[in-house]
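Descriptive analysis of the structure
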Amino acid sequence: MANITLYGIPNCDTVKKARAWLAERGVDVHFHDFKKQGVPADHLARWIDAVGWEKVLNRQGTTWRKLDPATQAAVRDAASAAALLAREASAIKRPVAEWPDGAVTVGFAPDDWARRLG
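What you are looking at is a predicted structure, and each value in this text was computed from that prediction instead of being measured.

Focus on the packing of aromatic side chains
Evaluated as defined, the whole model comprises seven aromatic pairs. With centroids separated by 4.8 Å and ring planes inclined at 65°, the aromatic side chains of Tyr7 and Trp47 adopt a geometry described as edge-to-face. One end of the pair, Tyr7, is in strand β1 (residues 4-8); the other, Trp47, is in helix α3 (residues 41-51), with 40 residues separating them in the sequence. There is no split in this pair, since Tyr7 and Trp47 are both buried. Measuring from ring centre to ring centre gives 6.2 Å for Phe34 and Trp47, while their planes differ by 45°; the resulting arrangement is tilted. Taken together, the positions of Phe34 in helix α2 (residues 34-37) and Trp47 in helix α3 put the pair 13 residues apart, joining distant regions of the chain. Residues Phe34 and Trp47 agree in their burial class; the two are buried. One aromatic cluster is present, formed by Trp21, Trp99, Phe108 and Trp113 through successive ring pairs. Sitting over the ring of Phe31, Arg19 keeps its end group 3.9 Å from the ring centre.

What follows is the structure, encoded as structure tokens:
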């Protein structure tokens, strides 16, 4: 089975669930840890192009809620979101999966992932 690249933070509960789910199915996964390896700028741009900045930005998470109101208000488009997410990787909704066919998904959706795996 082709390799999937999963981006996230290892202690994130959703990332843990996604990694366990993939492991149970014997899927070959390359894990990219935002905390240790950073966010690749070219990939961040591709994710935003693929699914939209509103989906990549996690407005429900602790990192977003801790930002001051002026910083939050400054995020109004793809460019401003990308700038924030490059600085605050924890504000990216997790996990981000890059699939062998070039597709990008954000968040863990077992039904969708099962379809993608065939």
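Observations concerning the sheet that holds strand β4 (residues 104-106)
Overall, mixed pairing links the four strands, which are arranged β2-β1-β3-β4 in an open sheet. Strands with a single pairing partner mark the edges of an open sheet, and in this sheet they are β2 (29-33) and β4. Across the sheet, the axes of successive neighbouring strands diverge by a mean angle of 20°, strand direction being ignored. When β1 meets β2, the two strands line up parallel, connected through five bridges. By the bridge assignment, Ile4 is partnered in β2 with Val29.

Some thoughts on the side chain of Arg94
Tracing the chain through its elements places Arg94 in the loop between α7 (78-87) and β3 (96-98). The charged side chain of Arg94 is buried without a salt bridge, its nearest counter-charge being Asp33 at 8.9 Å. Among the polar contacts made by the side chain of Arg94, one reaches the main-chain carbonyl oxygen of Ser90 at a distance of 2.9 Å. Apart from the residues lying within four places of it in its own chain, the contact partners of Arg94 are Gly8, Ile9, Cys12, Thr14, Val15, Phe34, Gly107 and Phe108.

As for the environment of Thr71
Relative to the helices and strands, Thr71 is located in helix α6 (residues 69-73). For Thr71 and Leu84, which are 13 residues apart along the polypeptide, the C-alpha to C-alpha distance reads 8.5 Å. If near-sequence neighbours (up to four positions away) are discounted, Thr71 is found in contact with Leu84 and Arg87.

So, the nonpolar core
Formed by 34 residues in total, the largest nonpolar core has its most connected members in Phe34, Leu44, Trp47, Val56, Leu57, Ile92 and Trp113. Taken together, the elements giving at least two residues each to this core come down to β1, α1 (13-24), α3, α4 (53-56), α7, β3 and β4. Ranked by residues supplied to this core, first place goes to α1 with four residues. Apart from the residues within four sequence positions on either side, Ile92 is in contact with Phe34, Val39, Leu44, Trp47, Val56, Asn58 and Leu85.

Cut-offs applied
Residues numbered from 1 in each chain as written. Predicted model: local features only at pLDDT ≥ 70, side-chain atom pairs only at ≥ 80, totals over all residues. Heavy atoms only, no water. Phe/Tyr/Trp six-rings, centres within 6.5 Å; stacked < 30°, edge-to-face > 60°. Helix = DSSP H or I, 4+ residues; strand = E, 2+ residues; numbered from the N terminus. Buried < 20%, exposed > 50% of the residue type's maximum accessible area, 1.4 Å probe, protein only. Lys NZ or Arg CZ within 6 Å of the ring centre and 35° of its normal. Pairing = 2+ DSSP bridges. Axes fitted to C-alpha atoms, helices over the stretch in contact; angles between N-to-C directions. Lys, Arg positive; Asp, Glu negative; His and termini not counted. Salt bridge = Lys/Arg side-chain N within 4 Å of Asp/Glu carboxyl O. Polar contact = N/O pair within 3.5 Å; in protein donor to acceptor, adjacent residues only side chain to side chain. Contact = heavy atoms within 4.5 Å. Core = buried A, V, L, I, M, F, W, Y, C linked by side-chain atoms within 4.5 Å.

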